[in-house]
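Examination of the molecular architecture
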Amino acid sequence: MEENEVFVTLGEDYPELREAVRRICVRYPSEYWRKLESESGYPSEFVDELTKAGFLGALIPETYGGSGLPLRAAAVILEEINASGCTASPAHAQMYIMGTLLRHGSEAQKRTYLPAIARGELRLQAFGVTEPTTGSDTTKLKTRAERRGDTYVINGQKVWTSRARHSDLMLLLARTTPLEEVKRKTEGLSVFLVDMREVLGKGLTINPIDALINHNTTEVFFDDMTIPADSLIGEEGKGFRYILDGMNAERILVATEALGDGRWLLKKAKEYAGSREVFGRPIGANQGVQFPLARCFTELEAADMMCRRAAALFDAGCECGADANIAKLMASEATWNAAEAAMQTHGGFAFAKEYDIERKWREARLYQIAPISTNLILAYVGQHVLGLPRSY
C-alpha cells in the first residue's frame, strides 16, 4: 500500500466476527438488561462470555495472548453488541484504555498484565480522568501524585469513573508537577496503572452514582493512596500526550457502538410502523411516520462511512483526529435522531419498559455528551480544521 493510501471496506465487514457476537447476544434478551437496571446490577455473565470468546482482548497482540485485531474489528464487536439489543458500555472501556498501555507501557507491565487481561483473570475497565471541578479542562485536574522513594502517594478525587467497582485495574491520570511550575499546561501530568485490589479501603474509596442509565458509574476518592513507583506508565510528566493517543481510538469505538444502538432503534421502529394498524392501515404508510425513519436510515449510513474512514486511517497509522471527532459527532446525532423517531413511532408504548425503546433512548442521549461533548467537537473542527481562532 502506498503512503497515505487507505482502503475502506463497504458492506458488512468481518461477517464471521459479527455472527459470533450475535450468537452470544441472543442469550441475553431484553429481560436480562431490564432486570439489571432494576437492581443497578453489572452484567458479569455477559462480560465473562465476551472475555472467554476473546472479544475484549481483541486489540491485545497475539504475543501477549490477545487476538491482535485492528481497531475496526473492535468497533464491529461493539456495534453488533448494541445492534443486538444488548449494551456494550459495561465492557467497552477495556478496549480503548488498552491503547495507552500498549503504546507506552514498559515490556514488564505488558507481560505482567496483558496476558491476564486477555485470559479474563484481570479486568482493566476503569478510567480515572474526569474531576468534579475541571470536567473537560483536563490540564487543570487537581489529583496529585507525589513521588516518595519507590512509591507514589496520591490524593484527589475523580467522578464519572464507570465500572470502578467491577474492575481490577484503573488507568489514572494525575498531576505530578504543580500547574504553576510547568511551562505548558499539558506538562506535568502522569499516567498510572493502579491495581485497585491492593489499595481498596487503604486510601481508595469508591462510591456509586445513581444516574439516568445503568453505567455502574462512580466517584473515586484518593486519600494518601500509596502505589509502587513502577505503576507509572512511560515517563513522568508526559501523561497528557499518552492519554490523547488513546482518545482517537475511544471516539471511533464509541461512535461505532452508538451506530449499533441507532440500527437497533431503527429496526424496532420499522417493524412497529409496518405492523401497527390505525385507521385501517399500517402507520408506516403515512409519510409523517415513514419519512423520519427514512431520514434516520440515511443519517446512520453516512455516519457509518465516517466511522469506517476514521478507523481505516487509525489502523493505517495516519493522522485521524478530525475524522475520529467527526465520526463521533455524526454517529451520536444520527443515533439520537433514530431514538427520537423510534419514540415517536411507538407513541405511548415507547414509555412501556417491556418495549425497551425508552432504555435505548436514554442510552442514545449520552453519546452527545460523552466521551466528548458535541460542542467541544465543533470547537475542535472550527479551530484545527477550519483554522478559526481558538474559542476556549
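All values derive from a computational prediction rather than experimental measurement. (Residues numbered from 1 in each chain as written. Predicted model: local features only at pLDDT ≥ 70, side-chain atom pairs only at ≥ 80, totals over all residues. Heavy atoms only, no water.)

1. Section: the state of the cysteines
Rule in force here: For this text, the term disulfide refers to a pair of cysteine sulfurs within 2.5 Å. Only protein chains enter the area calculation, which uses a 1.4 Å probe; residues under 20% of their type maximum are buried, those over 50% are exposed, and those in between are partly exposed.
Scanning all chains against the criterion turns up 0 disulfides. The closest cysteine sulfur to the non-disulfide-bonded Cys25 is located on Cys86, 3.9 Å from its own sulfur. Judged by relative accessible area, which is 3%, Cys25 ranks as buried. With no disulfide of its own, Cys318 lies closest to Cys320 among cysteine sulfurs, the gap being 8.4 Å.

2. Quick look at empty space enclosed by the protein
Just so we agree on the cut-off: A cavity, in this analysis, means grid points on a 1 Å lattice covering only the protein atoms where a 1.4 Å probe fits yet has no way out; a pocket is instead an open set bounded by protein on both sides within 12 Å along at least five of seven lines, and a residue lines either one if it has an atom within 4 Å of a point. Grid points are joined across faces, edges and corners, and a volume is the space filled by probe spheres set on the points. In this description a helix means any DSSP run of H or I spanning at least four residues, a strand means any run of E spanning at least two, and both kinds are numbered starting from the N terminus. Side-chain classes follow a simple rule in which Ala, Val, Leu, Ile, Met, Phe, Trp, Tyr, Cys and Pro form the nonpolar group, Asp, Glu, Lys and Arg form the charged group, and the remainder, Gly included, forms the polar group.
Within this structure, the stated rule accounts for 3 cavities of 30 Å³ or more. Every residue lining the largest cavity is counted, 13 residues in all, and those nearest its centre are Trp33, Glu37, Thr87, Asn214 and Glu363. No other element matches the 3 residues that helix α2 (residues 30-38) contributes to the lining of the largest cavity. In terms of lining, the second largest cavity is formed by Tyr96, Ile97, Thr100, Phe127, Ile243, Gly246, Met247 and Glu250. Every element with two or more residues in the lining of the second largest cavity is listed here: α5 (89-104) and α8 (239-275). The element that contributes the greatest number of residues to the lining of the second largest cavity is α8, accounting for 4 residues. Residues belonging to the lining of the second largest cavity are distributed by class as follows: 5 nonpolar, 2 polar and 1 charged.

3. Digging into the nonpolar core
Cut-off, in case you're wondering: As used in this record, nonpolar core signifies buried Ala, Val, Leu, Ile, Met, Phe, Trp, Tyr and Cys residues forming a set joined through side-chain atoms within 4.5 Å.
The biggest cluster of nonpolar side chains holds 97 residues, and the ones touching the most others in it are Phe46 and Ile81. Looking at this core element by element, the count peaks at 17 residues for α8. Core analysis: the next-biggest nonpolar cluster, separate from the first, contains 20 residues, Ala174, Ile206, Ile227 and Leu232 among them.

4. Observations concerning the pattern of salt bridges
Here is the rule we go by: We define a salt bridge as a contact between a side-chain nitrogen of Lys or Arg and a carboxyl oxygen of Asp or Glu at a distance within 4 Å.
Applying the stated criterion across every chain yields a total of 33 salt bridges. Of the charged contacts in the structure, one is a salt bridge between Glu80 and Arg18, with a shortest N-O distance of 2.7 Å. Separated by 62 residues along the polypeptide, Glu80 in helix α4 (residues 71-83) and Arg18 in helix α1 (residues 15-25) bring together distant segments of the chain. There is no split in this pair, since Glu80 and Arg18 are both buried.

5. Some points on the environment of Gly149
On the secondary structure map, Gly149 appears in the loop between β2 (144-148) and β3 (151-159). When its relative accessible area of 56% is taken as the criterion, Gly149 is described as exposed. Separated by 19 residues in sequence, Gly149 and Thr130 have C-alpha atoms that sit 28 Å apart.

6. Concerning the side chain of Ser231
Just so we agree on the cut-off: Throughout, a contact is declared for two residues whenever any of their heavy atoms are within 4.5 Å.
For Ser231, the location among the structural elements is in the loop between β7 (218-228) and β8 (232-233). For Ser231, a relative accessible area of 7% gives the class buried. Discounting chain neighbours no more than four positions away, the residues touching Ser231 are Gln109, Val191, Phe192 and Leu193.

7. Looking at the pairing of β3
Let me state the cut-off plainly: The pairing criterion for strands is at least two bridges between them, as found by DSSP.
As paired strands, β2 and β3 are joined by 5 bridges and run antiparallel to one another. Among the inter-strand pairings, Arg144 is bridged to a residue of β3, identified as Asn155. Of the strand pairs in this sheet, β3 and β7 are connected by 8 bridges, and their pairing is antiparallel. Each residue of the ladder has a partner; that of Ile154, found in β7, is Met225.

8. Observations concerning the packing of aromatic side chains
Let me state the cut-off plainly: Stacked, tilted and edge-to-face are the three classes assigned to paired rings of Phe, Tyr and Trp, where Trp is represented by its six-membered ring and a pair needs centres within 6.5 Å; plane angles under 30 degrees give stacked, over 60 edge-to-face, the rest tilted. Note on geometry: a ring has a charge over it if NZ (lysine) or CZ (arginine) is within 6 Å of the ring centre and within 35 degrees of the ring normal.
Applying the stated criterion across every chain yields a total of 9 aromatic pairs. Pairing Tyr28 with Phe46 gives two aromatic rings, centres 5.1 Å apart and planes at 70 degrees, and the pair type is edge-to-face. Pair noted here: Tyr28 is in the loop between α1 and α2 and Phe46 is in helix α3 (residues 44-52), with a separation of 18 residues, a long-range link. The class of Tyr28 is buried, set by a relative accessible area of 9%. Using a relative accessible area of 2% as the deciding quantity, one classes Phe46 as buried. Taken together, a centroid distance of 6.4 Å and an interplanar angle of 85 degrees make the contact between Tyr272 and Tyr355 edge-to-face. Placement of Tyr272 in helix α8 and of Tyr355 in the loop between α10 (321-346) and α11 (357-366) is noted, with a sequence separation of 83 residues between them. Exposure remark for Tyr272: the relative accessible area of 12% places this residue in the buried category. A relative accessible area of 29% places Tyr355 in the partly exposed class. Grouping aromatic residues by their ring pairs yields a cluster made of Tyr28, Tyr32, Trp33 and Phe46. The cationic tip of Arg390 hangs over the ring face of Tyr392; the distance from NZ or CZ to the ring centre is 4.6 Å.

9. Regarding helix α6 (residues 107-119)
Here is the rule we go by: Each helix should span, by expectation, one fewer than its residue count multiplied by 1.5 Å. Two axes enter the definition of the bend at a residue: one is fitted to the seven residues ending there, the other to the seven starting there, and the bend is the angle between them.
For α6, which comprises 13 residues, the first-to-last C-alpha distance of 18 Å matches the rise-based estimate of 18 Å (1.5 Å per residue) to within 8%. Of all the bends in α6, the greatest reaches close to 25 degrees and is centred on Tyr113; the proline Pro115 follows between one and four positions later. Within α6 the residues assigned to the buried category are Gln109, Lys110, Tyr113, Leu114, Ala116, Ile117 and Ala118. In the core, the buried residues of α6 are packed alongside α3, α5, β1 (124-128), β4 (169-175), β5 (189-195) and β8. Once α6 finishes, Gly120 follows within two positions and takes phi at roughly 90 degrees, a positive value.

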